[in-house]
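Single-letter residue listing:
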Amino acid sequence: QKEVEQNSGPLSVPEGAIASLNCTYSDRGSQSFFWYRQYSGKSPELIMFIYSNGDKEDGRFTAQLNKASQYVSLLIRDSQPSDSATYLCAVNPEYSSASKIIFGSGTRLSIRP
Amino acid sequence: SQTIHQWPATLVQPVGSPLSLECTVEGTSNPNLYWYRQAAGRGLQLLFYSVGIGQISSEVPQNLSASRPQDRQFILSSKKLLLSDSGFYLCAWSERPHQFFGPGTRLTVL
């Protein structure tokens, strides 16, 4: 079982709609959860992080965490063409030292005008 | 504010040639540093991490090595490149527990 799993997509969403990206993780003791956005040919950019169960909102982005289900999601409201990118879910496992982070393989999101 | 630099940005090397990629961080001291590789269409694979000068931990066996000669300098090397070494190499630094990436080096081995 992969430590961090994401649907590879592509996920196609019309402009203005809500994009929902999902991620599951295997280490039940994980404490920190991250979403990175990666444009084609560029390096990943940290866009959201969440530590506690529930929702965390930042502008058009909402991260949701359910530790009981070992599930993290990212919602993007009012999707824009500029949101088209690959979104990487990442987890800091309980066993990790030196702030190592385990990354999923990413979900490719395409916003169609 | 912190800044991370990587060079070169792109590199084309023949099989069997040596490699040296450099990463430097500005605006922080004693950062944790990381080298990742991303193959085409794949996720990020952690190659090495360092918690201080001269302290290197390897995550996967391979023909690559890393060194940290100075606090804010991290170097990825190989004596002889393989075709499978092609990929996007990313350096990252950590402000616990977050990691921030440099711009990356795209390496093509022919």
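Look above for the structure.
The rules behind each value
- Residues numbered from 1 in each chain as written.
- Chains lettered and ligands numbered in written order.
- Predicted model: local features only at pLDDT ≥ 70, side-chain atom pairs only at ≥ 80, totals over all residues.
- Heavy atoms only, no water.
- Helix = DSSP H or I, 4+ residues; strand = E, 2+ residues; numbered from the N terminus.
- Rg over C-alpha atoms; globule rule 2.2 N^0.38 Å.
- Buried < 20%, exposed > 50% of the residue type's maximum accessible area, 1.4 Å probe, protein only.
- Contact = heavy atoms within 4.5 Å.
- Areas by Shrake-Rupley, 256 points an atom, 1.4 Å probe, with all protein chains shown as cover.
- Pairing = 2+ DSSP bridges.
- Axes fitted to C-alpha atoms, helices over the stretch in contact; angles between N-to-C directions.

A. Region of interest: the overall build of chain B. When you go through chain B residue by residue, the secondary structure sums to zero helices and eleven strands. Its helices and strands taken in sequence order, chain B reads β-β-β-β-β-β-β-β-β-β-β from the N to the C terminus. For chain B, the C-alpha radius of gyration of 13 Å lies close to 13 Å, the compact-globule estimate for 110 residues. Summarising its shape, the C-alpha atoms of chain B cover approximately 35 × 25 × 20 Å along the three principal directions. Residues counted as buried form 48% of the 110 residues belonging to chain B. For chain B, contacts bridging at least 24 residues in sequence account for 53% of all contacts bridging at least 6. Carbon and sulfur atoms make up 53% of the accessible area of chain B, which amounts to about 5,200 Å² in all.

B. Geometry of unusual backbone geometry. Residues Gly9 of chain A and Pro10 of chain A are joined by a peptide bond in cis, for which omega reads 10°. Looking at the element boundaries, Pro10 of chain A is found in the loop between strand E1 (4-6) and strand E2 (11-14). The backbone of Asp78 of chain A sits at a positive phi, close to 50°, despite the residue not being glycine. Tracing the backbone shows Asp78 of chain A in the loop between strand E8 (71-76) and strand E9 (85-92). Despite not being glycine, Asn30 of chain B has its phi angle at roughly 50°, a positive value. Its location among the elements puts Asn30 of chain B in the loop between strand E3 (19-26) and strand E4 (32-38).

C. Summary view of the sheet that holds E1 of chain A. All names here are of chain A. One open sheet holds the five strands; their spatial order is E1-E3-E8-E7-E6, and the pairing between them is antiparallel. Either end of the sheet is taken by a strand with one partner, and the two such strands are E1 and strand E6 (54-58). Between one strand axis and the next, the sheet turns through 20° on average, direction left out of account. By the bridge criterion, six bridges tie strand E3 (residues 19-25) to E8 in an arrangement that is antiparallel.

D. Region of interest: the environment of Gly41 of chain B. Mapped onto the elements of the fold, Gly41 of chain B is located in the loop between E4 and strand E5 (44-52). Gly41 of chain B gets classed as exposed once you look at its relative accessible area, which sits at 82%.

E. The arrangement of the pairing of E4 of chain B in detail. Residue and element names in this part refer to chain B. With seven of seven residues buried, E4 lies mostly within the body of the structure. Along E4, one buried face is formed by Asn32, Tyr34, Tyr36 and Gln38 and the opposite face, lined by Leu33, Trp35 and Arg37, is buried too. Taken together, the six bridges between E4 and E5 define a ladder with antiparallel strand orientation. If you follow Gln38 over to E5, its bridge partner there is Leu44. Between E4 and E5, which pair antiparallel in sequence order, lie five residues; one of them, Gly41, sits at a positive phi of approximately 70°.

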